[in-house]
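For reference, the chains in residue letters:
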Amino acid sequence: MKPRMASRPSAPPIVSGRILRRSFYAQPTVEVARALLGKILVHSEGSSKDNRAGRIVETEAYLGTTDPAAHSYRGVTPRTKVLFGPPGHAYVYFIYGMYYCLNVATEKEGTGGGVLIRAIEPLLNVTEPGNGPGRLTRAMGITLAHNGADLTRGPITIRETKQSGSFAIGVSARIGIREAADWPLRFFVSGNPHVSRGR
DNA sequence: GCTATGATCATA
DNA sequence: ATGATCATAGCA
């Protein structure tokens, strides 16, 4: 008979990928937005068996003080200071009274670039849909408490994936904005069912 | 201090 | 098309 439980707990292989380094996030914002597709978002608080993970399948670039749609367009405020800080930190904001959205700060300190993570494909301990920026934070347990967190340190990290599976990158206008609405700065894994819309 | 509004989502 | 629901920004 098979034992009901494994005798030894094993770390889920999906969270063992190498953590992206700060130099990754220091690249131009559009490059980071494209390169984040296929990477693994990991939330590891508490016991490792409770780690949550999802594969990033949709992103949007927000360019900073040159981008009228960016929160950082009007410069540093208490809210946007993380975007102007060093790259590789989480910018989390609260929207519509009920949702959190996760971004990563890009480019060198002093610039306001960031990438909004818009959708993940659930991989591990994610029991809600990840298709949409407000949904993925709920599914991953990400809140304002994570604003400013260093993504190279945890508890939230983004990791390289071993199965390199190549895919086509779709491009479109960004969703839900008015200014600069036609800039082609949304990127997604073409055809992936967890993309929020317009696969 | 006060008010308008939003990088959303579910429901109709 | 509309409502839920509140942190933030801009203004007084």
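So, here is what we can say about the structure in this document. Values in this document were obtained by computation on a predicted structure and should not be read as measured data. The numbering scheme is per chain: residues are counted from 1 as the chain's sequence reads. To read the labels, note that chains go from A and ligands from 1, taken in the order they are written. Per-residue local features of the predicted model are confined to residues with pLDDT of at least 70, and side-chain atom pairs are confined, for both listing and counting, to 80 or more; whole-chain, interface and lining totals are unaffected and use all residues. Water and hydrogen atoms were dropped before computing side-chain values, which therefore reflect all heavy atoms in the structure.

### Quick word on the overall build of chain A
Okay, step 1: Counting from the N terminus, the helices are DSSP H or I runs at least four residues long and the strands are E runs at least two residues long. Helix and strand content of chain A: four helices and eight strands.
Okay, step 2: Along chain A, helices and strands appear, N-terminal first, in the series α-α-β-β-α-β-β-β-α-β-β-β.
Okay, step 3: Taking 16 Å as the expected radius of gyration for a compact globule of 199 residues, we find that chain A reaches 17 Å, a close match to that expectation.
Okay, step 4: Taken along its principal axes, the extent of the C-alpha atoms in chain A is 65 × 35 × 35 Å.
Okay, step 5: Each residue gets one of three labels from its accessible area relative to the maximum for its type: buried under 20%, exposed over 50%, partly exposed in between, using a 1.4 Å probe on protein chains only. Taken over 199 residues, chain A has a buried fraction of 46%.
Okay, step 6: The long-range fraction of contacts in chain A, counting pairs at least 24 apart against all pairs at least 6 apart in sequence, stands at 60%.
Okay, step 7: Only the protein chains shown count as cover for residues, with accessible areas throughout obtained via the Shrake-Rupley method and a probe of 1.4 Å. Working note: accessible area of chain A is about 10300 Å², and carbon and sulfur atoms make up 52% of it.
Okay, step 8: In chain A, which carries 26 positive and 14 negative side-chain charges, the distance between the mean positions of the two groups comes to 7 Å. Radius of gyration: over C-alpha atoms. The globule rule applied is 2.2 Å multiplied by the number of residues raised to the 0.38 power. Note on definitions: a residue-residue contact is assigned when non-hydrogen atoms from the two residues lie within 4.5 Å. Note that His is not counted, nor are the chain ends; the positive residues are Lys and Arg, and the negative ones are Asp and Glu. Charged side chains are reduced to one point each, which is NZ for Lys, CZ for Arg, CG for Asp and CD for Glu.

### Brief notes about the protein's contact with DNA strand C
Okay, step 1: When we say a residue is near a molecule or strand, we mean one of its heavy atoms is within 4 Å of it. Around DNA strand C sit Arg 74, Thr 77, Pro 78, Arg 79, Phe 94, Tyr 96, Gly 97 and Met 98, and those are all the residues in its vicinity.
Okay, step 2: Per the 4 Å cut-off to the protein, sugar and phosphate atoms form 70% of the nearby atoms of DNA strand C.
Okay, step 3: In protein, a polar contact means a hydrogen-donor-capable atom and an acceptor-capable atom, both N or O and within 3.5 Å, with residues adjacent in sequence counting only if both atoms are side-chain atoms; elsewhere, any N or O pair within 3.5 Å suffices. Thr 77 is positioned with one of its side-chain polar atoms (N or O) 2.2 Å from a phosphate oxygen of DNA strand C.
Okay, step 4: The backbone of Tyr 96 places a nitrogen or oxygen atom 2.5 Å from a base oxygen of DNA strand C.
Okay, step 5: For the surface near DNA strand C, the per-class residue count stands at four nonpolar, two polar and two charged. Residues are grouped as follows: Ala, Val, Leu, Ile, Met, Phe, Trp, Tyr, Cys and Pro are nonpolar; Asp, Glu, Lys and Arg are charged; all remaining types, including Gly, are polar.

### Some details on a nonpolar patch on the surface
Okay, step 1: A grouping of Tyr 96, Met 98 and Tyr 99 is seen on the molecular surface, where their side chains present a nonpolar patch of about 380 Å² in accessible area.
Okay, step 2: Tracing the backbone shows Met 98 in the loop between β3 (90–95) and β4 (99–105). What makes a patch is a set of residues exposed beyond 30% relative accessible area and free of salt bridges, joined within 9 Å when like-charged and within 5 Å when nonpolar (Val, Leu, Ile, Met, Phe, Trp, Tyr). Salt bridge, as used here: a side-chain nitrogen of Lys or Arg that lies within 4 Å of a carboxyl oxygen of Asp or Glu.

### Things to note about the nonpolar core
Okay, step 1: Of all hydrophobic cores here, the largest spans 33 residues; its most connected members are Tyr 25, Leu 36, Leu 41, Ile 56, Val 104 and Ile 158.
Okay, step 2: Apart from residues lying up to four places away in sequence, Ile 56 is in contact with Leu 36, Leu 37, Gly 38, Lys 39, Leu 41, Ile 117, Ala 119, Ile 120, Ile 158 and Val 189.
Okay, step 3: Grouped together as the second largest cluster of nonpolar side chains are nine residues, Tyr 62, Ala 70, Tyr 91 and Cys 101 included. By nonpolar core we mean a set of buried residues, namely Ala, Val, Leu, Ile, Met, Phe, Trp, Tyr and Cys, connected to one another through side-chain atoms within 4.5 Å.

### So, the side chain of Thr 137
Okay, step 1: Structurally, the position occupied by Thr 137 is in helix α4 (residues 133–140).
Okay, step 2: Within the structure, the side chain of Thr 137 is placed 3.0 Å from the backbone oxygen of Gly 134, a separation counted as a polar contact.
Okay, step 3: Excluding residues that lie within four positions of it along the chain, Thr 137 makes contacts with Tyr 100, Cys 101, Leu 102 and Ile 142.

### Remarks on the protein's contact with DNA strand B
Okay, step 1: Inspection of the region around DNA strand B gives 18 residues, with His 71, Tyr 93, Tyr 99, Asn 103 and Arg 135 positioned closest.
Okay, step 2: Sugar and phosphate atoms form 54% of the subset of DNA strand B atoms that lie within 4 Å of the protein.
Okay, step 3: Taking Arg 135, its side chain carries an N or O atom lying 2.8 Å from a phosphate oxygen of DNA strand B.
Okay, step 4: Among the elements of the structure, β3, β4, β5 (114–124) and α4 are those that each provide at least two residues to the surface near DNA strand B.
Okay, step 5: Looking at which element gives the most residues to the surface near DNA strand B, the answer is α4, with four residues.
Okay, step 6: A per-class count over the surface near DNA strand B returns ten nonpolar, five polar and three charged.

### With respect to the pattern of salt bridges
Okay, step 1: Counted according to the given criterion, the structure contains nine salt bridges.
Okay, step 2: One salt bridge in this structure joins Arg 22 and Asp 150, with 2.8 Å as the shortest N-O distance. Highlighted residues: Arg 22 in helix α1 (residues 22–25) and Asp 150 in the loop between α4 and β6 (156–159), separated in sequence by 128 residues.
Okay, step 3: On the basis of relative accessible area, Arg 22 is assigned to the partly exposed category, the value being 31%.
Okay, step 4: Judged by its relative accessible area of 16%, Asp 150 is buried.

### Remarks on unusual backbone geometry
Okay, step 1: That bond from Gly 154 to Pro 155 is cis: its omega, 10 degrees, falls within 30 degrees of zero.
Okay, step 2: Mapped onto the elements, Pro 155 comes out in the loop between α4 and β6.
Okay, step 3: A positive phi is found at Tyr 96, a non-glycine position, where the angle reads about 55 degrees.
Okay, step 4: Counting through the fold element by element, Tyr 96 comes out in the loop between β3 and β4.
Okay, step 5: One non-glycine residue, Ala 180, lies in the positive phi region at around 50 degrees.

Scope: geometric values only; no functional claims are made or implied.
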